[in-house]
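Breakdown of the fold
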Amino acid sequence: MARFHRLFPFLSWPRPDATLLRGEALAGLTVGLMLIPQAVAYAGLAGMPLVTGIYASLLPALVAVLFSASTRLSVGPTALTAMLVSASLTGLADPGSARWVDLAMWLALLTGALQIALGFARFGWLLNLVNSPVLMAFTQGAALLIVSSQLPDMLGFVSWAGLLAQPALHLPSLGFGLGTVLLLTLAKRWKPGFPTVLVAVLASAGLSVWSGFEGGGGKVIGDLPQGLPSLQWPGWPGWVALGQLAVPTLVITLVSFLETASSAKVDNGRKGQRWDQNQDLIGQGLAKVSSALVGAFPTSSSFSRSALNLYAGAQTGWATVFSVLVVFLALLFLIPVLHHVPRAVLAAIVVVAVVGLLKPREFLKLWRISRVEAGIAATTVAVTLLSAPQLYWGVLAGVLMSLSHFLYLRLHPRIIEVGLHGDGSLRDRHLWSLPPLAPDLYALRMDAALDFATANAIERDVTEYLAAHPGTRHVMLIAHPINWIDTTGVEAFGRLEALLAGKGVALHLVGIKLPVEHVLRGAGHLQPRTGLHLYRTEAEALRACATLRGEHDWVSP
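Now for a description of the structure that goes with this document. Bear in mind that the values here come from a model prediction, so they are computed numbers and not experimental data.

Basis of the calculations
- Residues numbered from 1 in each chain as written.
- Predicted model: local features only at pLDDT ≥ 70, side-chain atom pairs only at ≥ 80, totals over all residues.
- Heavy atoms only, no water.
- Helix = DSSP H or I, 4+ residues; strand = E, 2+ residues; numbered from the N terminus.
- Buried < 20%, exposed > 50% of the residue type's maximum accessible area, 1.4 Å probe, protein only.
- Phe/Tyr/Trp six-rings, centres within 6.5 Å; stacked < 30°, edge-to-face > 60°.
- Salt bridge = Lys/Arg side-chain N within 4 Å of Asp/Glu carboxyl O.

The next subject is unusual backbone geometry. Leaving glycine out, the prevailing phi sign among residues is negative, and the prevailing peptide bond configuration is trans. Following A388, the chain continues to P389 via a peptide bond in cis, the omega torsion being 10°. Assignment of secondary structure puts P389 in the loop between α19 (371-386) and α20 (392-411). Look at S433: it is not a glycine, yet its phi comes out positive at around 55°. By secondary structure assignment, the location of S433 is in the loop between β4 (426-428) and β5 (441-446). In this model, L526 sits at a positive phi of 60°, which is unusual for a non-glycine residue. Along the polypeptide, L526 turns up in the loop between α23 (514-522) and β8 (532-535). Given the relative accessible area of 2%, L526 is considered buried.

Spelled out as structure tokens, the structure:
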């Protein structure tokens, strides 16, 4: 029964009563009213027919809430995922064309299927491939590109190249764009829960009709198909085109689920429960597949809408059910009103939503923490901007650099010679300018596992020290940081043990962990012999070494 409920999380929802439904209906209404204009705007950002944004907010949102573990997330079109769709399909088809739509549907199918497979395989840990600095840098680079792409519509010029050749603005579009930005910015500060986006859309539609905006050359949304979407299957794109979607599929899968993770961690943290990332992978994957089946593009969890859902008091998935109902009613009755909405207003909605992602101070904070990671972040931004419109190469470059840095650190473990500090602890002798523990003792500590990545490093360190200090009679290995050992590590330890025994150098192992000790003993090492000593604590090792040497002046008091 527990497994059945895990596969179908909606069976665990609380039975609704009048009080719960009132609160959930209010939260759903708030999010739904914000979602409708945002969905239309993000569809335009993805190069899709504008109505597909509403389609992506209907069935996918319902499927996601039914099959995800995090039930208070708002699923639908998001700016980052929409931008990735546009970047992925540029050069493969013309935006808005039938082939473009087919390829976007295939992206939704492929990314959804991959997320479902990863969820069932319990591979949620793959999220760790993208660290925080890379995601932050890519998000900010993408945000710059999104804002840049929306400014022509928002300010009333055709394109950046056209503006440079003939500086001219369409003043009514400029007024609508800047007015919407001002309204949304003030509302976000003073009335964050108010459906200001919908008010801006409806008010701009009225002003557009009253002023004859469309007749004066202003760009408007235009006619949208009214009614519910029909289920469909995308046309076969060919193996070549499908292969070209492979890299975008991986990047969209990773980035969109990281968007989900940012919201899900907040949601589950507030509820005081563990985040089931694998079930959310399944739910989000099913949402993407359902988005493809209604002719739309990949969806994701919106951090801003999810935050608004929590702010509005949502307690369960019923709030999302109500927001889906709001979108359903809008699709039936609100579509004709959207015809007159200026494109400048849609562009302003996107810009205001995305500007919040621009946080340059994060780079300064990162620089203070790690200059290497700050460099990786800066390079990620640069690659994202320079590779536009294929901006997904920014994510791949960032992941490659961060993994390379990780491998470098693993292959170059921190190995230090320790000395006795004044507080009685063993610390880095050279960093703290401490004297050696004894003239003929080499005491070292490796702050890493003993495996294929570090085995050569510790062997080389000990060998080089013995060659430079032929009078060494004791080697003390502080082993408590070593929490893992593999076959390569065992072989390296065996060679090290034989080397020391051949030179008549005693080996003192301090604080070796039981699992590591079991592996070494199982491999035939650590057999009782002269010159091999095991200690559980550093103090015990120091006392024993002093006793063996017959000296006490370097022992901790």
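More follows now that the structure is in view.
Another point: the packing of aromatic side chains. With the rule as written, the count across this model stands at nine aromatic pairs. Between F176 and F213, the ring centres sit 5.1 Å apart and the planes meet at 80°, which makes this aromatic pair edge-to-face. Taken together, the residues F176 in helix α9 (residues 171-190) and F213 in the loop between α10 (196-211) and α11 (239-244) connect sequence positions 37 residues apart. Judged by relative accessible area, which is 13%, F176 ranks as buried. Residue F213 is classed as buried on the basis of its relative accessible area, which comes to 3%. With centroids separated by 5.9 Å and ring planes inclined at 25°, the aromatic side chains of F257 and W275 adopt a geometry described as stacked. Of this pair, F257 sits in helix α12 (residues 246-271) while W275 sits in the loop between α12 and α13 (277-293); the two residues are 18 residues apart in sequence, bridging distant segments of the chain.

Under the criterion given, the structure shown has 13 salt bridges. Linking K219 and D153 is a salt bridge whose minimum nitrogen-to-oxygen distance equals 2.6 Å. Note that K219 is positioned in the loop between α10 and α11 and D153 in helix α7 (residues 132-155), a separation of 66 residues in sequence. For D153, a relative accessible area of 23% corresponds to the partly exposed category. R414 is the partner of D447 in a salt bridge, and the nearest nitrogen-oxygen pair spans 2.7 Å. Taken as a pair, D447 in the loop between β5 and α21 (455-468) and R414 in the loop between α20 and β3 (415-420) lie far apart in primary sequence, 33 residues in all. Residue classification places R414 among the partly exposed residues on the basis of a relative accessible area of 42%. Each of the salt bridges in this network shares a partner with another, and the network as a whole consists of R414, D428, R445 and D447.

Don't take any of this as a statement about function, it's just geometry.
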